[in-house]
2 protein chains.
Amino acid sequence: MSCETETVEVLREAGHKLTPQRLMILSALRHAEGHYTATEIYDQVRAEYPYVDISTVYRTLGVLKEMRLVSETNMGTGDTTYEWVREHRRHHHLICRDCDTVASLDHQYLEDLGAEILAESGFKPDIDHFAIFGLCATCQERSRTA
Amino acid sequence: MSCETETVEVLREAGHKLTPQRLMILSALRHAEGHYTATEIYDQVRAEYPYVDISTVYRTLGVLKEMRLVSETNMGTGDTTYEWVREHRRHHHLICRDCDTVASLDHQYLEDLGAEILAESGFKPDIDHFAIFGLCATCQERSRTA
DNA sequence: CCTCTACCTGCAACTGGTTGCAATTACATT
DNA sequence: AATGTAATTGCAACCAGTTGCAGGTAGAGG
């Protein structure tokens, strides 16, 4: 739990209580790489403490999302995925709507878009983790020749 | 139905059958302005033909989405909204995660982003109708002084 | 250490959306 | 106009996610 101290402080300062359930959910997300569904997190926490409820998982993810400690993304697979936001290592996804291939998109493109929007409208977008749907090069080719 | 002829032809050429249910769903979307939830479309169709099933509405919205005749957008209100895509009149939304205010975003910003991505990666994004979450100017101010 | 209260939890009921299946229907072919 | 078949429909059962509520707990203050 040692490396969690900072996060715990951030949450407490925002007026949130640190319950054992929350600490377990937090820990599951922080020590994992990549995206997880709510159910995956639920299962992992339940292995340690079998009485958690799935609604507690969703509610905790909700407060973490509101504080922008985790990102919530619809990857087009049916259920929503959550990921711990690391300042370095920001990334986005290009998802082909035909073949479902997922490619990465450099953060810079969206960083620039966010800066433009902020400068011109005053609105500050959360550019944490985007999923952009479209057609990959291969599928464009295929539909041209079909 | 006269003004629908072109759309009907597009669908038939893609191998889809034109059932009365689909024609009613199509007509409801085409003659409406703005975003609608699946339930709103369902209710409207049901007024004319009470035996449609909600799953038929979702499935039809699915094929229309796949053909990019309608856009599907999560506006953060819980349920997904659908809108007939009109080439002119493209627009996007900036939604404040604190006060839920919705502002419009000019299509140009995203058009440019889409062109950049296509040029550099070959992936062609569907830039039909984005909802970008963040903090409006007022709420940024409020959280600074809080 | 005890008290108090606002926040949090688990439960159960609910809403939005999806899926497998048997029966039906659009429409291409003859 | 009759036939064949693949797509589509309605139904029912299901999965993902949300919400109201009564009881429980973190943690601030005394």
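Bear in mind the structure is a predicted one, so any value in this text is a computation, not a measurement.

1. Section: the sheet that holds strand β7 (residues 131-135) of chain A
Taken in spatial order, the 4 strands make up an open sheet running β5(A)-β4(A)-β7(A)-β6(B), and their pairing is mixed. Only two strands of the sheet have a single neighbouring strand rather than two, namely β5 (102-105) of chain A together with β6 (124-125) of chain B. Across 4 bridges, strand β4 (residues 92-96) of chain A lies against β5 of chain A in antiparallel orientation. What sits directly across from Leu 94 of chain A, in β5 of chain A, is Ala 103 of chain A.

2. Description of the pairing of strand β3 (residues 81-84) of chain B
On a regular strand, one side chain projects to one face of the sheet and the next to the other, so that they alternate. Residue and element names in this part refer to chain B. What you see with β3 is no split at all: Thr 81 and Glu 83 on one side and Tyr 82 and Trp 84 on the other are buried throughout. Bridge count for strand β1 (residues 36-37) against β3 is 2 bridges, and the pairing is antiparallel. For Thr 37, the partnering residue across the bridge sits in β3 and is Thr 81.

3. Observations concerning the packing of aromatic side chains
Any pair of aromatic rings gets described here by the distance separating the centres and the angle formed by the planes. Residue and element names in this part refer to chain A. Considering all chains together, one arrives at 2 aromatic pairs over all chains under this definition. When the ring of Tyr 49 is compared with that of Tyr 51, the centres are 6.2 Å apart and the planes differ by 80°; the resulting orientation is edge-to-face. On the basis of relative accessibility, which here comes to 31%, the residue Tyr 49 falls in the partly exposed class. For Tyr 51, a relative accessible area of 71% gives the class exposed.

4. Some details on the interface of chain B and chain A
Counting from both sides, the interface comprises 28 residues of chain B and, opposite them, 28 residues of chain A. In total, about 2300 Å² of surface goes out of reach between chain B and chain A, with carbon and sulfur atoms giving 65% of it. Broken down residue by residue, the surface that chain B buries against chain A is led by Arg 97, Tyr 109 and Phe 123 of chain B, which jointly contribute 28%. Between the two partners, chain B and chain A, sit 2 salt bridges. Along the contact surface separating chain B from chain A lie 10 residue pairs in polar contact (both at pLDDT 80 or more). Within the residue set of the side of chain B that touches chain A, elements represented by two or more residues are β4 (92-96), α5 (107-121), β6, β7 (131-135) and α6 (137-145) of chain B. The leading source of residues in the side of chain B that touches chain A is α5 of chain B, at 8 residues. When strand β6 (residues 124-125) of chain A meets β7 of chain B, the two strands line up antiparallel, connected through 2 bridges. Each residue of the ladder has a partner; that of Pro 125 of chain A, found in β7 of chain B, is Gly 134 of chain B.

5. A word on the sheet that holds strand β2 (residues 70-73) of chain B
All names here are of chain B. The strand order β1-β3-β2 describes an open sheet built from 3 strands, whose pairing is antiparallel. Across the chains shown, the open sheet's two edge strands, defined by having one partner strand only, are β1 and β2. When β2 meets β3, the two strands line up antiparallel, connected through 4 bridges. Looking across to β3, one finds that Thr 73 is bridged to Thr 81. Relative to the sheet, helix α4 (residues 54-66) contacts β2 and β3, its axis offset from that of β2 by approximately 110°.

6. Overview of the domain arrangement of chain A
Residues and elements named next belong to chain A. Assigned domains within chain A: domain 1 (1-87) and domain 2 (90-146). For domain 1 and domain 2, the distance between their C-alpha centres works out to 25 Å. On the domain 2 side, the residues contacting the 11 residues of domain 1 number 12 residues. Carbon and sulfur atoms make up 50% of the surface buried where domain 1 meets domain 2, a total of about 930 Å² over both sides. Between domain 1 and domain 2 we count 3 salt bridges in total. On inspection of domain 1 and its partner domain 2, the count reaches 6 residue pairs in polar contact (both at pLDDT 80 or more). Looking at the side of domain 1 that touches domain 2, its residues break down into 2 nonpolar, 5 polar and 4 charged.

7. Re a negative patch on the surface
Taken together, the side chains of Glu 111, Asp 112, Glu 116 and Glu 120 of chain A together with Glu 111, Asp 112, Glu 116 and Glu 120 of chain B make up a negatively charged region of the molecular surface. Those elements that provide at least two residues to the negative patch are α5 (107-121) of chain A together with α5 of chain B. Note on placement: Glu 120 of chain B falls in helix α5. For Glu 120 of chain B, a relative accessible area of 59% gives the class exposed.

8. Focus on the protein's contact with DNA strand C
Around DNA strand C, a shell composed of 21 residues is seen, among which Thr 19, Gln 21, Arg 22 and Thr 56 of chain A together with Tyr 58 of chain B lie nearest. Backbone atoms, meaning sugar and phosphate, make up 72% of the atoms of DNA strand C lying within 4 Å of the protein. Taking Thr 80 of chain B, its main chain carries an N or O atom lying 3.1 Å from a phosphate oxygen of DNA strand C. Secondary-structure elements contributing two or more residues to the surface near DNA strand C are α2 (20-30) and α4 (54-66) of chain A together with α4 of chain B. Taken together, the residues of the surface near DNA strand C break down into 6 nonpolar, 7 polar and 8 charged.

Rules of the game
The residue count restarts for each chain, going from 1 along the sequence in the order it is written. In the order they appear in the text, chains get letters beginning with A and ligands get numbers beginning with 1. Totals for whole chains, interfaces and linings use all residues, but because this is a predicted model, local features are given only for residues with pLDDT of at least 70 and pairs of side-chain atoms are given and counted only at 80 or more. In computing side-chain properties, one takes all heavy atoms of the structure into account and sets aside hydrogens as well as water. Between any two strands, at least two bridges found by DSSP are needed for them to pair. Where helices and strands are cited, they refer to DSSP runs of H or I of at least four residues and of E of at least two residues respectively, numbered from the N terminus. Exposure categories follow from relative accessible area, calculated using a 1.4 Å probe and restricted to protein chains: below 20% of the type maximum is buried, above 50% is exposed, and the middle band is partly exposed. Each aromatic pair joins two rings of Phe, Tyr and Trp (for Trp, the six-membered one) with centres within 6.5 Å, and gets the label stacked for planes under 30 degrees apart, edge-to-face for over 60, and tilted for any other angle. Contacts are residue-level and defined by heavy atoms, with any inter-residue pair within 4.5 Å sufficient. Buried area counts how much accessible surface, traced with a 1.4 Å probe, disappears from two parts once they are put together, with both parts' losses summed. We define a salt bridge as a side-chain nitrogen of Lys or Arg found within 4 Å of a carboxyl oxygen belonging to Asp or Glu. Think of a polar contact as two N or O atoms within 3.5 Å of one another; within protein, one of them needs to be a possible hydrogen donor and the other a possible acceptor, and neighboring residues in sequence only count if both atoms come from side chains. Where helices are involved, their axes are fitted lines through C-alpha atoms of the stretch in contact, as for all axes, and angles between N-to-C directions lie from 0 to 180°. An automatic or database domain assignment supplies the residue ranges for each domain. Residues are grouped as follows: Ala, Val, Leu, Ile, Met, Phe, Trp, Tyr, Cys and Pro are nonpolar; Asp, Glu, Lys and Arg are charged; all remaining types, including Gly, are polar. Patch rule: a residue counts if its relative accessible area is over 30% and it has no salt bridge; like charges are joined within 9 Å, and nonpolar side chains (Val, Leu, Ile, Met, Phe, Trp, Tyr) within 5 Å. With residues, only the protein chains shown are counted as cover, and all accessible areas are computed by Shrake-Rupley using a 1.4 Å probe. Under this rule, positive means Lys or Arg and negative means Asp or Glu; His and the chain ends count for nothing. By convention, charge coordinates are those of NZ in Lys, CZ in Arg, CG in Asp, or CD in Glu. Nearness is judged by heavy atoms alone; a residue qualifies as near a molecule or strand once a single heavy atom is within 4 Å of it.

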